[in-house]
Amino acid sequence: AGQTLGIAAGLPSWGGGGVSVLSQVATAYGVANIATEKEIFNVAVPAGTLGDHNRVDFEIVGYQQITANGITFRVYYGGGAALLNVTPAAAVVAASSYAILRGSVTAHGATNVQNAHLEVLVSSGISGGTLPTLHAGDTGLGAADSTVAQQLVITAQPTTAAETNNFTRTHAIARSWSS
């Protein structure tokens, strides 16, 4: 006999809040053969999204190939300087590897102070590697006015223009969590 599994209507909420999808993409976009910084995900964050217990999180899935050098990932919020930089060690095999970037931006005690977090998980190879073989992460603070609309931008910058230092985004999603 079979079983039917159901999913409850709605999403969990805290005090009337919930989760909203701000942006999602399922198109491939690559950064290769350059040593300059390029956007891999850009999200419009509506005014007032970051509050006392609110956050915006994002997840970017793709694959990368790095050899002797690395790729630096950066998170920007509000158009100023990068809130953080993450450069996974270049000890990954030369074959393409699955990569997942997970991060968030939260209010940090005021509407004009943000805390950002990013972790990068990389497998050992695209043919059946398990995550994470390589893990790198960082946190950082920003100072943008969250009472007005802002942009959340994630970038990738290969250390060299070598073809073996590249990243390709296949999917990305950003969500806002409110209380």
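Residues numbered from 1 in each chain as written. Predicted model: local features only at pLDDT ≥ 70, side-chain atom pairs only at ≥ 80, totals over all residues. Heavy atoms only, no water.

Attention now goes to the packing of aromatic side chains. Within the structure shown, the criterion is met by 1 aromatic pair. Relative to Phe-167, the ring of Phe-73 has its centre 5.3 Å away and its plane inclined at 80°; by these criteria the two rings are edge-to-face. Note that Phe-73 is positioned in strand β5 (residues 71–77) and Phe-167 in strand β11 (residues 166–177), a separation of 94 residues in sequence. Judged on exposure class, the residue Phe-73 and its partner Phe-167 are both buried. Sitting over the ring of Trp-177, Arg-55 keeps its end group 4.8 Å from the ring centre. (Phe/Tyr/Trp six-rings, centres within 6.5 Å; stacked < 30°, edge-to-face > 60°. Helix = DSSP H or I, 4+ residues; strand = E, 2+ residues; numbered from the N terminus. Buried < 20%, exposed > 50% of the residue type's maximum accessible area, 1.4 Å probe, protein only. Lys NZ or Arg CZ within 6 Å of the ring centre and 35° of its normal.)

Considering the arrangement of structural elements, one finds Thr-72 in strand β5. Residues contacting Thr-72, with those up to four places away along its chain left out, are Asn-85, Val-86, Thr-87, Thr-155, Ala-156 and Gln-157. (Contact = heavy atoms within 4.5 Å.)

For the rest of this paragraph, the subject is the sheet that holds β5. Sheets are built from strands paired through backbone hydrogen bonds, the pairs being either parallel or antiparallel. Across the sheet, 4 strands lie side by side as β3-β10-β5-β6; this open sheet has antiparallel pairing. Every interior strand has two partners, whereas the edge strands, β3 (38–45) and β6 (84–86), have only one. Neighbouring strand axes in the sheet, compared pairwise and without regard to direction, differ in orientation by 15° on average. By the bridge criterion, 3 bridges tie β5 to β6 in an arrangement that is antiparallel. Within the sheet, the bridge partner assigned to Val-75 lies in β6 and is Leu-84. (Pairing = 2+ DSSP bridges. Axes fitted to C-alpha atoms, helices over the stretch in contact; angles between N-to-C directions.)

The buried fraction of β5 is high, at 7 of 7 residues. The side-chain alternation of β5 yields two buried faces, one formed by Ile-71, Phe-73, Val-75 and Tyr-77 and the other by Thr-72, Arg-74 and Tyr-76. Pairing between β5 and strand β10 (residues 150–158): 7 bridges, direction antiparallel. When the sheet's bridge partners are listed, Thr-72 is paired in β10 with Gln-157. Linking β5 to β6, which pair antiparallel, is a turn of 6 residues; within it Gly-78 sits at a positive phi near 90°.

Attention now goes to the side chain of Arg-74. Of note, Arg-74 is situated in strand β5. At 3.4 Å, the side chain of Arg-74 and the side chain of Glu-37 are in polar contact. Looking at Arg-74, its side chain comes within polar contact range of the side chain of Gln-157, at 2.7 Å. Residues contacting Arg-74, with those up to four places away along its chain left out, are Glu-37, Ala-82, Leu-84, Asn-85, Val-153, Ile-154, Thr-155 and Gln-157. (Polar contact = N/O pair within 3.5 Å; in protein donor to acceptor, adjacent residues only side chain to side chain.)

Summarising the model, the protein chain shows a mean pLDDT of 77, and 76% of its residues fall at 70 or more. In this model, residues 1–15 is a region of pLDDT below 50 whose contacts with residues beyond four sequence positions or in other chains number 8 contacts. (pLDDT = per-residue confidence, 0-100.)

What follows concerns the environment of Ala-82. Within the fold, Ala-82 resides in the loop between β5 and β6. The sequence separation of Ala-82 and Ile-154 amounts to 72 residues, and the corresponding C-alpha distance is 9.3 Å. Not counting residues up to four positions away in its chain, the partners in contact with Ala-82 are Arg-74, Val-75 and Tyr-76.

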